Amino acid sequence: MIIYHGAKQEIAKPDIFHSLAKLDFGKGFYTTTLLSQAEQWVEHFLRNQQQGIINFYTLDDSVWTEAKVLIFDTYSDNWLDLITKCRRGFDTSDYDLIVGGVANDKIFNTCELYFKKYIDKETALRRLRYENPNQQICFKNQEILDRYLLFERSEQR
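Residues numbered from 1 in each chain as written. Predicted model: local features only at pLDDT ≥ 70, side-chain atom pairs only at ≥ 80, totals over all residues. Heavy atoms only, no water.

Draft legend 1. Inspection of the overall build of the chain at higher detail. The number of helices and strands found in the chain is six helices and seven strands. Mapped in sequence order, the helices and strands of the chain form the string β-β-α-β-α-β-α-β-α-α-β-α-β. Relative to the globule expectation of 15 Å for 157 residues, the C-alpha radius of gyration of the chain, 16 Å, shows essentially globular dimensions. The C-alpha extent of the chain, read off along each of the three principal axes, is 45 × 40 × 25 Å. (Helix = DSSP H or I, 4+ residues; strand = E, 2+ residues; numbered from the N terminus. Rg over C-alpha atoms; globule rule 2.2 N^0.38 Å.)

Following this line, the structure appears as structure tokens:
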């Protein structure tokens, strides 16, 4: 499977250590199966007059059976709970990979209202139900990242 990572530079040897901690699924190396999503990530750098690079990787399919993986198919109660914990810096998960929707600007507006207790969980989930999740794959274990992800190439945008 081909997956992508949008960045300011080529990342031939990705690691989880350079990640910020308070992201959707906590500290990790974030990729996506959607080229269009990686291109959107790169747009952020281009708008700031920086270089934008799409990194292409092959993900070994055996990772799905050999690693500890958590998959969210929808914006769900459990997804919202994890996003809430991770965005606040309280990531206690022990998964090697977490796959699920991105809390992009549109989604994060609803999440932020929930975080600040302006809306309750049921209202947040009702609003999120109408959104089509993008997909991110977060590698949380460096050994798994090194073992199952192979850098193929990069392209400047």
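Draft legend 2. Quick look at the pattern of salt bridges. Tallied over the entire structure, the rule returns 11 salt bridges. Between D94 and K68 there is a salt bridge; the shortest N-O distance is 2.8 Å. Taken together, the residues D94 in the loop between α3 (77-87) and β5 (97-100) and K68 in the loop between α2 (63-66) and β4 (69-71) connect sequence positions 26 residues apart. According to the relative accessible area criterion, K68 is partly exposed, its value standing at 39%. When salt bridges with common partners are traced through the structure, they connect E39, R153, E155 and R157 into a single cluster. (Salt bridge = Lys/Arg side-chain N within 4 Å of Asp/Glu carboxyl O. Buried < 20%, exposed > 50% of the residue type's maximum accessible area, 1.4 Å probe, protein only.)

Draft legend 3. A look at the sheet that holds β4. Read across the sheet, four strands follow the order β2-β6-β5-β4 without closing on themselves; strand pairing throughout is mixed. Edge positions in the sheet fall to β2 (29-31) and β4, since each of these pairs with one other strand and no more. Each adjacent strand pair in this sheet contributes to an overall mean axis angle of 15 degrees, direction not counted. (Pairing = 2+ DSSP bridges. Axes fitted to C-alpha atoms, helices over the stretch in contact; angles between N-to-C directions.)

Draft legend 4. Structural view of α3. Every buried residue of α3 is listed here: W79, L80, L82, I83, T84 and C86. Immediately beyond the C-terminal end of α3, within one or two residues, lies G89, with a positive phi of roughly 90 degrees.

Draft legend 5. Looking closely at helix α1 (residues 35-47). With 13 residues, α1 extends 18 Å from end C-alpha to end C-alpha; this agrees with the ideal 18 Å at 1.5 Å per step. Elements that come into contact with the buried residues of α1 comprise β1 (2-7), β3 (53-59) and β6 (136-139). Of the residues flanking the end of α1, it is Q49, one or two places downstream, whose phi is positive at about 60 degrees. (Expected span 1.5 Å × (residues − 1). Contact = heavy atoms within 4.5 Å.)

Draft legend 6. Molecular detail of the sheet that holds strand β7 (residues 149-156). If you walk across this open sheet you meet the three strands as β1-β3-β7, and the pairing is antiparallel. Of all the strands in the sheet, the pair left with one neighbour each is β1 and β7. Each strand of the sheet is rotated relative to its neighbour by a mean of 25 degrees, with strand direction disregarded. Looking at chain direction, β3 and β7 are connected through seven bridges and run antiparallel. Considered in β7, the bridge of F56 is made with R153. Here α1 sits on the sheet in contact with β1 and β3, set at roughly 10 degrees to β1.

Draft legend 7. Structural view of the pairing of β6. Burial along β6 is two-sided: Q136 and C138 facing one way and I137 and F139 facing the other are all buried. Where β5 meets β6, four bridges bridge the pair, whose relative direction is antiparallel. The partner of I98 across the bridge, within β6, is C138.

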